[in-house]
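So the chains spell out like this:
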Amino acid sequence: MILGRQHRRLAAMYNSIRICRCLKAYPSTIRQCGARRSYSQLSSMQLDLKRALQSADSQSVNGSSFSDRSQLKYARRLVIKLGSAVITREDEHGIALGRLASIVEQVAECHLEGRECIMVTSGAVAFGKQKLTHELLMSLSMRETLSANDHARKDVRTLLKARAAAAVGQSGLMSLYDAMFSQYGVKIAQVLVTKPDFYNDETRKNLFSTLSELISMNIVPIINTNDAVTPPPQDDDLIKSKGKKVISIKDNDSLAAMLAAEVNADLLILMSDVDGIFTRPPKQEGAKMIWTYNSDMADIIQFGKKSTVGTGGMDSKVQAATWALNRGVSVVICNGMQEKAIKSIMVGRKIGTFFTNAPTANTTPVETLAENARYGSRILQKLPAVDRASAIYALAELLISKQAAILDANEKDIAIATKEGTAAPLISRLSLTPAKLKSLAIGLKQIAETSHTNVGKVLKRTKISENLNLTQVTVPIGVLLVIFESRPDCLPQVAALALSSANGLLLKGGKEASHSNKALMDVVKEALATVGAQDAISLVSTREEISDLLSMENHIDLIIPRGSSDLVRSIQDQSAHIPVLGHAEGICHVYVDKDANLEKALTIIRDSKCDYPAACNAMETLLIHEDLFTTPFFNEVCDMLKRENVQLFSGPKLSSRLTFGPPQAKSLKHEYGELACAIELVSGLESAVNHIHTYGSGHTEVIITENSDAATKFQRDVDSACVFHNASSRFADGFRFGLGAEVGISTARIHARGPVGVEGLLTTKWILNGDGHAAAEFAEGGGRTYVHEHLPVDN
């Protein structure tokens, strides 16, 4: 929680944002200050800070460090330590310029947001080595340089003493920092220190007075140890200075910890070349990342060797971090080579190891949940099909027998949503009713029936050679992550599909349905317990950001987002290494052909648009054959849609033929997701198909016609996941397709397409049975030949 001195810093930051908002009235002043945040962004930041202040006011003071990553966005004063391995090239001669430039950009952005940044940097030795290497090589005689037997070049590195390299590189390093920070209008100052400066009360007092003065002048201090004259490291962990214990300054980690404590920093970021703290050296088998560390964990860590560059190992980082934490400074140890590490930490992302004095949370780490899901998937796969089906039947029955508890939990979510002014359609999606639960139970029983034939189904059998037979069978994908919004009813649906397909499953629901999701998850766990697979499915209820879950490629095999097009698109954009199954938009078309039955057309159009306008399978564009424009049908369809309160927009061709009528649509490639749609005229079937291919999203398209040849051609030529003839687009649904339910609708072209039921959650593996066969025996003269005979499939 945000406590003690943290409250004072929040108040100061709140005031600085308020002042910055006022300055927005004077653009030239803002440009001079380097501020790059919009007025609305500043307003949002100020509101967040105000809420944090109100939260802090209501809490008792019993500490001063942050207890949760989500609070790090309120850190005002930062100390950022860059290790040698982070900014030094692999050859240890020179600076990794691209990496350093990225870090400088992040520090500059933090500074321009109103945070107070102090940097502790390595790199002078590496910078100096680069310059000295060049000078030493130039000073060699031409004979020595050209001699094939001379090893002067190899000996150059041994001639470069670290202290001399530091003396040569210090000015160049600071010039580089100055040039980089000046691109953002940020002023810097070098503060060069030696370790004894911290143990002498007078110099120590002067040092922190200088830092305070620089910060007050909006300057970023960059602190280096003077490695040209620094004495050997102290051996004692703590040194007394007139009775006051200070940490032994052995390296830049302990230096940064000392500075962070002395300047009352809110957050210390120690940037290294590893992702964080592991239970043992990261490359050792069984090493596990420790995402959140407290002092109780000291005994579970085995340290390895330190980095090949720099002076500090991981054990020194842990000691420094713990020392700073005990003095009220929150700490994160992270990999400085990770893209946007600082900014990710500041927004609460799960980056590096977070040090806190708060008790370890009782919630199971999401990595453990994913490992359990993998193990649970293997248990489900071993089970007879009848057992998986029985578990789904049990879940269906529990939805009814535990109905009272589920509806009570749902009422809590609805009460909160109503209090917060949530729109009525969203509350409708959030609500559960006895009728919904009954419908869910029916759908789950349909899924149970499919469980008897899906996993382990033989798709193909081939006789490769005599007594060498190949079989292709269906198997689960592995571990699924399903992210869904608002609708708690999708939780048991997706759980049943995962159970049927023997997949492990992680579910991440929206906070608006937290009580409902928990109640439903309880009945899912109860159903899983009947077959001994309680951990196969879990609800992720920790504060993990979705972006953190999307980076777990070692644990998760497929991501399925269910919700708005914005959610799906965001997941697709953020997931770099895990496949995403879904559709970003549902731009569905209904085409009324000249040979359509117009009564059918009115029924289908009304249902496609008005039955559930927020659904992804709702009609967004109505295409009408131009021959029908001058008939009464055109006015009838427009009047019908208006009576249903549908807002109409016209396409360019229709607009050009209207004197008065609906306003022209800004875009025909648009998903309204509400009672609104576009109407456009087309010259015929070919024109309709071309329009769909130009503006559609590949979801669902409909043709209304009595001409069977036109219907066949439309269904052949339209390249979408679902193509219907004389039926509403709203039939594009897993339950309506007889799949029991769906995990979502996919517009992808690889793997599943359209409503994704159990079959879409399966992949295959090949099983080969031989009798001592060797591939070499099939080479020329080997005595064996390939048959490749297709065998009948028996399931």
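Because the structure is a prediction, the values reported are computed rather than measured.

In an α-helix, one full turn covers 3.6 residues, which means residues spaced three or four apart are oriented alike. With 12 residues, helix α19 (residues 490-501) ought to run about 16 Å at 1.5 Å a step, and its terminal C-alpha atoms sit 16 Å apart, in line with that. Among the 12 residues of α19, 12 are classified as buried, and the element is accordingly described as predominantly covered. All of the buried residues along α19 are C490, L491, P492, Q493, V494, A495, A496, L497, A498, L499, S500 and S501. Looking one or two residues past α19, A502 carries a phi angle of roughly 65°, positive in sign.

Time to look at the sheet that holds strand β11 (residues 330-335). In a beta sheet, neighbouring strands are held together by backbone hydrogen bonds and run either parallel or antiparallel to one another. Spatially, β3-β4-β2-β1-β7-β11-β12-β10 is the arrangement adopted by the eight strands of the open sheet, whose pairing is mixed. A strand with exactly one partner marks an edge of an open sheet, and here the two such strands are β3 (188-193) and β10 (292-293). Across five bridges, strand β1 (residues 77-82) lies against strand β7 (residues 267-272) in parallel orientation. Across the sheet, residue K81 finds its bridge partner in β7, namely L270. Docked against the sheet, helix α12 (residues 314-325) engages β1, β7, β10, β11 and β12 (353-355), running at close to 155° with respect to β11.

Our next topic: the confidence of the model for the protein. Taken over all residues, the pLDDT of the protein has a mean of 83, while the share at 70 or more is 81%. The model gives residues 53-63 a pLDDT under 50, and that stretch makes 17 contacts with residues more than four places away or in other chains. A low-confidence stretch, residues 307-312 (pLDDT under 50), is modelled with 15 contacts involving residues beyond four sequence positions or located in other chains.

So, on to the packing of aromatic side chains. Within this structure, the stated rule accounts for seven aromatic pairs. Summarising the aromatic geometry, the rings of Y293 and F355 are spaced 4.6 Å apart at their centres and angled 40° between planes, so their arrangement reads as tilted. Here the residue Y293 occupies a position in strand β10, and F355 occupies one in strand β12, the gap between them amounting to 62 residues. For the residue pair Y293 and F355, the accessibility class agrees, reading buried in each case.

The first and last C-alpha atoms of helix α24 (residues 632-643) sit 16 Å apart over 12 residues, in line with the 16 Å expected at 1.5 Å per residue. For α24, every residue scored as buried is listed here: F633, F634, V637, C638, M640 and L641. Buried residues in α24, looked at end-on, bunch into an arc of 160°, giving them a common side. In α24, those exposed residues whose orientation departs by more than 90 degrees from the buried face are P632, K642 and R643.

What follows is about the nonpolar core. As a rule of thumb, nonpolar side chains are buried together in soluble globular proteins. If you look at the biggest cluster of nonpolar residues, it comprises 56 residues, and the most contacted ones within it are L380, I406, L491, L505, L507, V524 and I537. Among the elements that make up this core, the one with the highest residue count is α19 (eight residues). Aside from chain neighbours lying at most four places away, what touches I537 is A495, A498, L505, L507, M521, V524, K525 and L528.

The subject of this paragraph is the sheet that holds strand β24 (residues 722-725). The sheet built from six strands is open, its strands ordered β21-β22-β20-β19-β23-β24 with parallel pairing. Where the open sheet ends on each side, the last strands, each with one partner, are β21 (647-650) and β24. With direction set aside, neighbouring strand axes in the sheet form an average angle of 20°. Bridging between strand β23 (residues 700-704) and β24 involves four bridges; their strand directions are parallel. Along β24, the bridge assignment pairs T700 with C722. Relative to the sheet, helix α27 (residues 708-717) contacts β19 (588-592), β23 and β24, its axis offset from that of β24 by approximately 175°.

The next point concerns the packing of helix α15 (residues 385-401) against α19. The contact between α15 and α19 brings their axes to 9 Å, and the two run at 165°. Between α15 and α19, the crossing angle belongs to the class labelled roughly antiparallel. Viewed along their axes, α15 and α19 form a crossing whose handedness is right-handed. Residues R388, A391, I392, L395 and L399 of α15 touch α19, and the partners they reach there are P492, A496, L499 and S500.

Moving on, we come to the pairing of β3. Pairing of β3 with strand β4 (residues 220-225) involves six bridges; the strand directions are parallel. Opposite Q190, over in β4, you have I222 as the bridge partner. Following the chain from β3 across helix α10 (residues 201-216) to the adjacent parallel β4, one finds a crossover that is right-handed.

This model, assessed by the stated rule, comprises 30 salt bridges. Residue E113 pairs with K343 through a salt bridge whose shortest N-O separation is 2.9 Å. In this pair, E113 is assigned in the loop between α5 (97-112) and β2 (116-121) and K343 in helix α13 (residues 341-346), connecting sequence segments 230 residues apart. In this pair, the class of E113 matches that of K343, namely buried. A salt bridge links R487 to D489; its shortest N-O distance comes to 3.4 Å. Judged by relative accessible area, D489 falls into the buried class, the value being 9%. Beyond isolated ion pairs, a larger network of salt bridges with shared partners links E109, E113, R115 and K343.

All right, on to unusual backbone geometry then. You will see that A502, though not glycine, has its phi angle at about 65°, which is positive. Tracing the chain through its elements places A502 in the loop between α19 and β16 (504-508). Residue N645 is not a glycine yet carries a positive backbone phi of 65°. Relative to the helices and strands, N645 resides in the loop between α24 and β21.

What follows is about the pairing of strand β22 (residues 676-682). By the criterion of burial, β22 is predominantly enclosed, with seven of the seven residues buried. Side chains A676, A678, E680 and V682 project from β22 onto one buried face, and the interleaved C677, I679 and L681 project onto a second face that is buried too. As defined by bridge partners, β21 adjoins β22 across four bridges and the pair is classed as parallel. When the sheet's bridge partners are listed, S650 is paired in β22 with I679.

Reading the values: the criteria
Within every chain, residues take consecutive numbers counted from 1 along the sequence as written. With pLDDT at 70 or above as the cut-off, local features in this predicted model cover only qualifying residues; side-chain atom pairs require 80 or more to be listed or tallied, and sums for whole chains, interfaces and linings still use all residues. Note: side-chain values were computed over all heavy atoms of the structure, leaving out hydrogens and water. Only DSSP runs of H or I reaching four residues or more are called helices, and only runs of E reaching two or more are called strands; each is numbered from the N terminus. Multiplying 1.5 Å by the residue count of a helix minus one yields the expected span of that helix. Buried, partly exposed and exposed residues are distinguished by accessible area as a fraction of the type maximum, computed with a 1.4 Å probe on protein chains only: under 20%, between the cut-offs, and over 50%, respectively. Each pair of strands is called paired provided DSSP finds at least two bridges between the two strands. Residues count as neighbours in contact if any of their non-hydrogen atoms are within 4.5 Å of one another. Lines fitted to C-alpha atoms define the axes, with helix axes restricted to the stretch in contact, and inter-axis angles between N-to-C directions lie between 0 and 180 degrees. Here pLDDT means the predictor's own confidence in every residue, given as a number from 0 to 100. Classification of ring pairs rests on two measures: the distance between centres of Phe, Tyr or Trp rings, Trp counted by its six-membered ring, which must be within 6.5 Å, and the angle between planes, read as stacked under 30 degrees, edge-to-face over 60 and tilted in between. Note: the arc covers the axis-to-C-beta directions of the helix. We define a nonpolar core as any set of buried Ala, Val, Leu, Ile, Met, Phe, Trp, Tyr and Cys residues linked to one another through side-chain atoms lying within 4.5 Å. Just so you know how the angles are binned, under 35 degrees is roughly parallel, over 145 roughly antiparallel, 65 to 115 roughly perpendicular, and the rest oblique. Note on convention: near helix rotated counterclockwise from far helix by under a right angle means a left-handed crossing. Clockwise means right-handed. We call a crossover right-handed when, viewed with both strands directed away from the observer, the connection leading from the first strand over the helix to the second proceeds clockwise. One speaks of a salt bridge when a side-chain nitrogen belonging to Lys or Arg is within 4 Å of a carboxyl oxygen belonging to Asp or Glu.

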